[in-house]
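What the coordinates show
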Amino acid sequence: MPTMLWFHGGGMVMGNYRSEWSLMDEYAQKLGLCSISVDYRLAPENTAPAAIDDGISVWDWILDNAEEKNLDLERLIIGGVSAGGGIAASVIQRIHDMGGPQPILQFLAYPMLDDRTATRTENITRYVWSLANNRYAWGAYLRVPAGSQVVPEYAVPSRRENLSGLPPAWIGVGSLDLFHDEDLEYARRLEESGVKVDLKVTEGAFHASELLFPKEPRSVDFKLAQESALRKAIA
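Structure report, in brief. (Residues numbered from 1 in each chain as written. Predicted model: local features only at pLDDT ≥ 70, side-chain atom pairs only at ≥ 80, totals over all residues. Heavy atoms only, no water.)

**Considering the pairing of strand E6 (residues 197-202)**
Worth spelling out the cut-off: By the convention used here, strands pair only if DSSP detects at least 2 bridges between them. Numbering of helices and strands runs from the N terminus, with a helix taken as a DSSP run of H or I at least four residues long and a strand as a DSSP run of E at least two residues long. Crossovers are marked right-handed if the path from the first strand over the helix to the second runs clockwise, as seen with the strands pointing away from the viewer.
The pairing of strand E5 (residues 169-174) with E6 spans six bridges and is parallel. Within E6, the residue paired with Ala 169 across the bridge is Val 197. In terms of handedness, the path from E5 via helix H5 (residues 180-192) over to E6 forms a crossover that is right-handed.

**Looking at the pattern of salt bridges**
Worth spelling out the cut-off: The salt bridge definition used is simple: a Lys or Arg side-chain nitrogen within 4 Å of an Asp or Glu carboxyl oxygen.
The tally for this structure, following the rule as stated, stands at 14 salt bridges. The shortest N-O distance in the salt bridge between Asp 53 and Arg 94 comes to 2.7 Å. In this pair, Asp 53 sits in helix H2 (residues 50-69) while Arg 94 sits in helix H3 (residues 83-98), placing the two residues 41 residues apart along the sequence. Between Arg 160 and Asp 97 there is a salt bridge, and its shortest N-O distance comes to 2.8 Å. On the criterion of sequence distance, the pair formed by Arg 160 in the loop between helix H4 (131-142) and E5 and Asp 97 in helix H3 is long-range, its members being 63 residues apart. Each of Glu 26, Lys 30, Lys 223, Glu 227 and Arg 231 takes part in salt bridges that share partners, so that together they form one network.

**Description of the packing of aromatic side chains**
The condition that has to hold: Each Phe, Tyr or Trp ring (for Trp, its six-membered ring) is paired with any other whose centre lies within 6.5 Å, and the angle between the two planes then decides the class: stacked below 30 degrees, edge-to-face above 60, tilted in between. The buried label applies to any residue whose accessible area, calculated with a 1.4 Å probe on protein chains only, is under 20% of its type's maximum; exposed applies above 50%, and partly exposed to all values in between. Comment: the charge-over-ring label is applied if NZ (Lys) or CZ (Arg) is within 6 Å of the ring centre and within 35 degrees of the ring normal.
As enumerated under the stated definition, the model contains 11 aromatic pairs in all. Judged by centre distance (6.2 Å) and plane angle (40°), the rings of Phe 7 and Tyr 40 are tilted. Of this pair, Phe 7 sits in strand E1 (residues 3-7) while Tyr 40 sits in the loop between strand E2 (34-38) and H2, and the two are 33 residues apart along the sequence. Take Phe 7 and Tyr 40: they sit in the same class, and that class is buried. For the pair Phe 107 and Trp 170, a centre-to-centre distance of 5.0 Å together with 20° between the ring planes defines the contact as stacked. Linking Phe 107 in strand E4 (residues 105-109) with Trp 170 in strand E5, this pair joins segments that are 63 residues apart in sequence. Across the pair, Trp 170 and Phe 107 agree in class, each one buried. Among the aromatic residues, ring-to-ring pairing joins Trp 6, Tyr 27, Phe 107, Tyr 110, Trp 170 and Phe 222 into one connected group. The residue whose ring lies beneath Arg 18 is Trp 21, and the NZ or CZ to ring-centre distance is 4.9 Å.

**Quick word on the environment of Glu 68**
With respect to the helices and strands, the residue Glu 68 is situated in helix H2. Glu 68 sits 55 residues away from Val 13 along the chain, and the two C-alpha atoms are 34 Å apart.

**Description of H5**
Using the following cut-off: Here the expected span of a helix is defined as 1.5 Å times the quantity of residues minus one. By the convention used here, residues are in contact when the closest approach between their heavy atoms is within 4.5 Å.
For H5, with 13 residues, the first-to-last C-alpha span of 18 Å sits near the 18 Å given by 1.5 Å per residue. Along H5, the positions that sit buried rather than exposed are His 180, Glu 182, Asp 183, Tyr 186, Ala 187, Arg 189 and Leu 190. On its buried face, H5 is in contact with H3, E4, E5 and E6. Two residues or fewer after H5 comes Gly 194, characterised by a positive phi angle close to 90°.

**Looking at helix H1 (residues 21-31)**
Where we set the bar: What the arc covers is the set of directions going from the helix axis to the C-beta atoms.
The set of residues buried in H1 consists of Leu 23, Met 24, Tyr 27 and Leu 31. Burial along H1 is one-sided: seen end-on, the buried residues are contained in an arc of 100°. Facing away from the buried side of H1 by over 90 degrees, the exposed positions are Ser 22 and Gln 29. Against the buried residues of H1 lie E1, E2, E4, helix H6 (209-212) and helix H7 (217-234). Positive backbone phi, approximately 70°, marks Gly 32, located one or two places after H1.

Shown next, in the form of structure tokens:
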């Protein structure tokens, strides 16, 4: 069966593998895929690259146990929301550099991709995930202040210079999300590097609004776009 390796949200400092359990179950039921959620180690107790290492360990487990567990190595997806989307992007970059089997899709819902966003000084208000939250989380994860000249390898996906050769991407974000600009910039750079990108921007949506208000029309539209991207990838 097709398989999705999932990284939960929580700013790299909170949450666990059950954080989006209902979402994973929904994808499994609707699309017939196996969802594997990574219970990665959290900052500040465990800084980068701990979460990425955990993701690679589960990826290796999937490759080693695919035949026994009936997992299709030609239909592997890696995804996540928020910080989980950022960790997913980091894991995908590392898998690319490792060689071997590659995911067919990077599924990134309002991913946390660039620590330099946390250095902004203008007065901006964002619901759910604020600039102050972002600044603390990146500092806790990197063990150096956000925007530092040197950060751990792979820890900040947007800092990678060469994005060519990465798998196709679905990137979704709301127009009122703190990560809106960095997500669009990452999508632009992927496309310029020859990577196929399906970009979904929901006007008037804020961070994780589709999880908080699932019946709101914009949330329904966002979820349908996600489902369509997954269905197309595994078809």
